[in-house]
Amino acid sequence: MDTRRLVQWFSAIISNAYFKGFASLSIYQGVGKRVCVPVLNCYSCPGALGSCPVGSMQSLLGGYKQQFSFYVAGLLTVVGAASGRLACGWLCPFGLVQELLARFSQRKFHLPELVKKLKYLVLLLTVVLPVLWVNQAGLGSPYFCKFICPAGTLEAGLPLGLGRPELRALLGSLFAWKAAVLFLILFLSIIYFRPFCRSLCPLGAYYALFNRVSWWRLEINPEDCIDCGCCSQVCPVEINVREDPNSPECIRCLRCRDNCPGRAISFGRRDEALLARMEWPER
């Protein structure tokens, strides 16, 4: 098992380490829930120790005061500005689920470019709908969590809805819809690499905005590159690494770096990369 996979498992376990919740099918409501994790991890998961940033932002936007959470926005901005979509590739539990399913099939289909752009529309709607689409009391809803989020269905809806009889009796068409969305995404994960992350995840869309300007980034040393194309061949998200190493689609899995025969690809701070480029002519 490689380092990234170990980190993914560690992140998934630590984020959901309230094991008593799984045993009793209850939700942890301690002080940890005041803190957001930087990935998609449902607040209502029986094991969740922290809050989901998407759910937290939507809940505040749709509340009586329609507050914008500068805390959530600041957290995500710091994470994105530091390393782009590194959190997607290394920390997200639902990303891990999709990658595990991808191992059932060696053949992966190409995800259309237009589909990849959908996540930016989802991000926009995630922010504006709770403010614009309100009920008679002036309250909005966390619409992404309510109608789309497959992580919430997997982590909370299924264990709580099916495991607790009083909740099972309340399940209706909305739960059926959410379950259908979840199982469709799980099926697509077998034939497409991380389809939800690349097409529908608002967090992935937000972090993608920082990939090209993040502090930690991929750099290619043109002196060492032999233009063999190995980096693009192993890229699971279909990036032309030689031309666009910091594409918004990159989840920083670092397969390109690890498989480069010339060791031309590095992942590090921008200042280190700039210094290295300044020194090349002197070598």
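Residues numbered from 1 in each chain as written. Predicted model: local features only at pLDDT ≥ 70, side-chain atom pairs only at ≥ 80, totals over all residues. Heavy atoms only, no water.

Asker: I tried to follow the overall build of the protein on my own but got confused; where do I start?
Answerer: When helices and strands are tallied, the protein shows 16 helices and 2 strands. In summary, the protein has a C-alpha radius of gyration of 20 Å against a globular reference of 19 Å for 283 residues, a match within 12%. Each principal axis of the C-alpha distribution contributes one length, and for the protein these read about 70 × 40 × 35 Å. Taking all 283 residues of the protein together, the buried fraction comes to 47%. (Helix = DSSP H or I, 4+ residues; strand = E, 2+ residues; numbered from the N terminus. Rg over C-alpha atoms; globule rule 2.2 N^0.38 Å. Buried < 20%, exposed > 50% of the residue type's maximum accessible area, 1.4 Å probe, protein only.)

Asker: Help me out: how do you make sense of the packing of aromatic side chains in this one?
Answerer: A ring pair, where both rings are aromatic, is described by two values, the distance of the centres and the angle of the planes. Tallying each qualifying case throughout the model produces 10 aromatic pairs. Ring geometry for Phe68 versus Phe70: centroids 5.0 Å apart, planes at 75 degrees, classification edge-to-face. Cluster of aromatic residues (ring-pair linked, three or more members): Phe94, Phe144 and Phe196. The ring of Tyr43 has Lys33 lying over it, and the distance from NZ or CZ to the ring centre is 3.8 Å. (Phe/Tyr/Trp six-rings, centres within 6.5 Å; stacked < 30°, edge-to-face > 60°. Lys NZ or Arg CZ within 6 Å of the ring centre and 35° of its normal.)

Asker: What am I meant to see in the pattern of salt bridges here?
Answerer: Side chains bearing opposite charge may pair, as long as their charged atoms lie close to each other. Considering all chains together, one arrives at 11 salt bridges under this definition. Salt-bridge contacts for Glu238 lead to Lys116; the nearest nitrogen and oxygen are separated by 3.6 Å. Of this pair, Glu238 sits in the loop between α14 (230-234) and α15 (255-258) while Lys116 sits in helix α7 (residues 113-132); the two residues are 122 residues apart in sequence, bridging distant segments of the chain. Each of Arg4, Arg5, Glu99 and Arg194 takes part in one network of salt bridges that share partners. (Salt bridge = Lys/Arg side-chain N within 4 Å of Asp/Glu carboxyl O.)

Asker: Just to check I follow, could you spell out unusual backbone geometry for this structure?
Answerer: Note: most peptide bonds trans; most residues except glycine with negative phi. Unusually for a residue other than glycine, Glu238 sits at a positive phi of about 65 degrees. For Glu238, a relative accessible area of 29% gives the class partly exposed. Positive phi outside glycine occurs at Arg263, with the angle close to 50 degrees. One can find Arg263 in the loop between α15 and β2 (265-269).

Asker: Can you walk me through a nonpolar patch on the surface in this structure?
Answerer: A surface patch of nonpolar side chains, about 680 Å² in accessible area, is lined by Met1, Leu6, Trp9, Ile13, Phe19 and Phe22. Listing elements by their share of the nonpolar patch, those giving two or more residues are α1 (3-15) and α2 (19-24). The element best represented in the nonpolar patch is α1, accounting for 3 residues. Here Met1 is to be found in the segment before α1. (Patch = residues over 30% accessible without salt bridge, like charges linked within 9 Å, V, L, I, M, F, W, Y side chains within 5 Å. Areas by Shrake-Rupley, 256 points an atom, 1.4 Å probe, with all protein chains shown as cover.)

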